[in-house]
2 protein chains.
Amino acid sequence: MRFETIATDETTDARTGKLYTAHGVLKTPAFIVSASHATVRACLPEEVAATGVQIVAANAYHLLLRPGHRTIAALGGIHRFMNWRRPILTDSGGFQVFSLGAQRTISERSVIFRSHIDGRQYELTPELSVEIQNALGSDIAMAFDECCPYPCDRDYAERSMELTLRWAARSKAAHRNSHQALFGIVQGSVLHDLRERSAEGTVEIGFDGYALGGLSVGEPRDELHSVLAHTVPLLPQRQPRYVMGVGLPGDILDSLPYGIDLFDCVVPTKNARHGSLFTSTGTVRIKNARYKDDAGPIDAHCDCDTCNRYSRAYLRYLFTTREALALRLATIHNLRHYVRLMERARAAIADGSLMRLRREVAASNGGP
Amino acid sequence: MRFETIATDETTDARTGKLYTAHGVLKTPAFIVSASHATVRACLPEEVAATGVQIVAANAYHLLLRPGHRTIAALGGIHRFMNWRRPILTDSGGFQVFSLGAQRTISERSVIFRSHIDGRQYELTPELSVEIQNALGSDIAMAFDECCPYPCDRDYAERSMELTLRWAARSKAAHRNSHQALFGIVQGSVLHDLRERSAEGTVEIGFDGYALGGLSVGEPRDELHSVLAHTVPLLPQRQPRYVMGVGLPGDILDSLPYGIDLFDCVVPTKNARHGSLFTSTGTVRIKNARYKDDAGPIDAHCDCDTCNRYSRAYLRYLFTTREALALRLATIHNLRHYVRLMERARAAIADGSLMRLRREVAASNGGP
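Reading the values: the criteria
Residues numbered from 1 in each chain as written. Chains lettered and ligands numbered in written order. Predicted model: local features only at pLDDT ≥ 70, side-chain atom pairs only at ≥ 80, totals over all residues. Helix = DSSP H or I, 4+ residues; strand = E, 2+ residues; numbered from the N terminus. Rg over C-alpha atoms; globule rule 2.2 N^0.38 Å. Buried ≥ 20, exposed ≤ 12 C-beta atoms within 10 Å, placed from the backbone. Contact = placed C-beta atoms within 7 Å. Core = buried A, V, L, I, M, F, W, Y, C linked by C-beta atoms within 7 Å. Domains from an automatic or database assignment. Nonpolar A, V, L, I, M, F, W, Y, C, P; charged D, E, K, R; others polar. Least-squares fit on C-alpha atoms with pLDDT ≥ 70 in both. Expected span 1.5 Å × (residues − 1). Axes fitted to C-alpha atoms, helices over the stretch in contact; angles between N-to-C directions. Parallel < 35°, antiparallel > 145°, perpendicular 65-115°, else oblique. Pairing = 2+ DSSP bridges.

Asks: Whenever I open this one, the overall build of chain A confuses me. Can you help?
Replies: Along its length, chain A carries 15 helices and 16 strands. Taking 368 residues into account, the globule formula puts the C-alpha radius of gyration at 21 Å, and chain A, at 20 Å, falls close to it. With the C-alpha coordinates of chain A rotated into their principal frame, the extents come out at 60 × 50 × 40 Å. Taken over 368 residues, chain A has a buried fraction of 55%. Excluding contacts between residues fewer than 6 apart, the proportion of contacts in chain A whose partners are at least 24 apart in sequence is 69%.

Asks: Just checking my understanding: could you explain the nonpolar core for this structure?
Replies: Soluble globular proteins: nonpolar side chains tend toward being buried together. Judged by nonpolar contacts, the single largest core of 239 residues is most densely connected at A:Val56, A:Phe183, B:Val56 and B:Phe183. Not counting residues within four places of it along the chain, the set of residues in contact with B:Val56 comprises B:Ile32, B:Val33, B:Ala35, B:Val40, B:Trp84 and B:Ile88.

Asks: How should the domain arrangement of chain A be read in this particular structure?
Replies: Quoted interface sizes are often the accessible area lost when the parts come together. Residue and element names in this part refer to chain A. Looking at chain A, the domain boundaries give domain 1 (3-265) and domain 2 (274-358). Each of domain 1 and domain 2 has a C-alpha centre, and these two points are 27 Å apart. Taken together, the contacts link 25 residues of domain 1 with 22 residues of domain 2. Mapped onto the side of domain 1 that touches domain 2, the elements with two or more residues apiece are β2 (15-21), β4 (30-34), α1 (45-51) and α10 (249-255). At four residues, α1 tops the list of elements feeding residues into the side of domain 1 that touches domain 2. Partitioning the side of domain 1 that touches domain 2 into residue classes produces 15 nonpolar, three polar and seven charged.

Asks: In this structure, what is going on with the relation of the copies chain B and chain A? I would like to understand it.
Replies: The operation relating the two chain copies consists of a rotation about an axis and a shift along that axis. Rotating chain B by 180 degrees and translating it 0.0 Å along the rotation axis places it on chain A, where the RMSD comes to 0.0 Å. Taken together, the rotation and translation describe the operation of a two-fold axis. No C-alpha of chain B approaches the rotation axis more nearly than that of B:Ala324, which lies at 3.2 Å. A shared binding surface is used by both copies, with 100% of the interface residues of chain B retained as interface residues in chain A.

Asks: Would you mind showing me how to read the environment of A:Gln237 here?
Replies: Along the chain, A:Gln237 falls in the loop between α9 (221-231) and β13 (241-243). Along the sequence, A:Gln237 and A:Glu343 sit 106 residues apart, while their C-alpha atoms lie 22 Å from each other.

Asks: Looking at this structure, how should I read helix α14 (residues 324-351) of chain A?
Replies: Count 3.6 residues to each turn of an α-helix, and residues three or four apart come out pointing the same way. Residue and element names in this part refer to chain A. Here α14 contains 28 residues, and its C-alpha end-to-end distance of 41 Å stays within 8% of the 40 Å for a straight helix at 1.5 Å per residue. A large share of α14 lies buried, amounting to 22 of its 28 residues. Of the residues flanking the end of α14, it is Gly352, one or two places downstream, whose phi is positive at about 75 degrees.

Asks: Would you mind showing me how to read the packing of helix α7 (residues 154-174) of chain A against helix α8 (residues 192-205) of chain A here?
Replies: Pairs of packed helices are described in terms of their axes, by the angle between the two and the distance that separates them. Residues and elements named next belong to chain A. Interaxial distance between α7 and α8 falls to 10 Å at its minimum, and their mutual angle equals 10 degrees. Here α8 runs roughly parallel to α7, going by the angle between their axes. Between α7, through Ala157, Glu158, Met161, Leu165, Ala168, Ala169 and Lys172, and α8, the contact on the second element is made entirely by Leu194, Arg197, Ser198, Gly201, Thr202 and Ile205. Among the residues making up the contact of α7 with α8, the classes are represented as seven nonpolar, three polar and three charged.

Asks: Mind showing me how you'd approach the interface of chain B and chain A here?
Replies: The interface of chain B with chain A comprises 29 residues on the first partner and 29 residues on the second. Elements represented by at least two residues in the side of chain B that touches chain A include exactly α3 (69-74), α4 (78-82), α13 (312-320) and α14 (324-351) of chain B. Per-element accounting of the side of chain B that touches chain A gives the leading share, five residues, to α13(B). Looking at the side of chain B that touches chain A residue by residue, the classes come out as 16 nonpolar, seven polar and six charged.

Asks: Would you explain the sheet that holds strand β2 (residues 15-21) of chain B in this entry?
Replies: In sheet architecture, strand pairing relies on hydrogen bonds along the backbone and comes in two forms, parallel and antiparallel. Residues and elements named next belong to chain B. Strand order in the open sheet made by the three strands is β1-β2-β3, with antiparallel pairing throughout. This sheet does not close on itself; its edge strands, each paired only once, are β1 (3-8) and β3 (24-28). Between one strand axis and the next, the sheet turns by 15 degrees as a mean value, whatever way the strands run. With five bridges connecting them, β1 and β2 associate as antiparallel partners. Across the sheet, Thr5 pairs through a bridge with Gly17, a residue of β2.

Right under this line is the structure:
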């Protein structure tokens, strides 16, 4: 997988670059938008594309359950199925299986779990996860990993990290789609020596890019920074680095100085569906009664289709009457906010103003 | 209100024409799409417009309850509020209040009812209904009427019809918006003498157009035809005629020979949201398992954005996973189906082929 660095920040490891995929070039740092069920909830691909979103992430676990990866493969692959022509990353399903808690049994061989939909039993192996992703035809596939909870005792974290390493090797051995990159996932909770062992072991197996998993699972913010500071330098300079599950605008900007290229998080889409909107002057909770008669746009500085056409009053009204349109108009706005955030981040890295951008965003819009 | 007849069927009273409103010209016969809550559920105005829909109907009752007509008026009126630049009809709320059943008390003066949302008590008079519609700024307002149930005893139907006549006079007297047409509503259940008295009385008061209410409330199809055959000739030739609540494609086409110009019904939108899709070869119930791997469009003869871009398999998948996008893609398809039906109806009236079109549609697509 070709990855070029275009510019590097003078005082930190932050960088901007280009990542070449089978469905086009990503400008990095890039934010990956959730489309776990092969749709960005409530939005059509063309309007997601119109906001400037470069890449979305679907999920092997969800698509295995419904409609089944063979169905999607028979229909021409995931891009054609969901009518999204830009890059798609697929997650391996490791994180979703971890979220099932007591409903799953992890062994050396596999995870056995019951579907959250109909209770049917499934067995997911690294080989099957990669086979699913190969069949879906995403541009970037992820190795199958176990994601530790936080907090997690050292013994569990260590065994889990070692299992993830063996699963990484099996994932790589199973990979059959030459149009698709495969990324490894570094685990090890917040313990530096485990992260170190995981990074070295994962790099030794050799992947097209490297992700840090097991973060954004409840650990304090300084633990995130400590893991990034310690682990990122162990990953190859010339390959893309991806922090999974991060995050809020402030957390994204604060992760850039470590040299991160890719991010994903449900926050912009999920918060939108709950009426929590990112703006240049802080979060707008649009269901609040104060917006009942407000003729202004969500954010006077936003150029999205929602802000161009609809008032806060109309959007609040759609939320209070539970109209499906509310979810869509809110999602379009939050996606555009994130797209512009990443555009500004890339420009700031190139012109040396990243610190100023971080201060600006921290002052106005720390999170939801 | 200016209304021109362009062509008349040679063997029936069917006609095509142009109806001039403050927001543009309607080609008639036209189908009015439901937007009771100031939105065509799950769809943006621009995509509704892209299907060719000419006019939508909002509802005074729903908008009184939320967000309130004064809020919408202060925000510049209903067109700006919902960002729909084409004609809008508002219903008076009479039918919705009728639907509340035991929850409302009808008197000479008004209907007193409790909100279905928060139980708050409201009083709706003909004057308030017209005031709401004046404030919303729709292109066509409807007089406030009482809609009889079916079946209904003669005594009730007669008293209700007489009350509706008195309310019609009060509605007209209260009307203050010179940019807005006001239509009267003929009631009288399925009793010819009552319909006759209602039609004559309503025409005597004098409106910009005339609607037939109290139909599509459960009466047999031949009763609908009998009322149309008996009542429509009593309405002025040179003014638009509107059958409220009709209907299915076959019922629309079968009503045209009586000289009907306007129709409305929840069927295309509501059925879409339940996965029932109109096609040139009959109804497709898209949730059916037979479509799981079906790579074809909903209807091979349809040119809508959904059929152009998405497979039956994807749409079925979105319905089974309860994605909001399903409602939207299905609605766009059904709206386009209705738009083309009305286009074909207008062309058929003009070229004398209405009977052939009726047979064709009856053979393929009588309803859901």
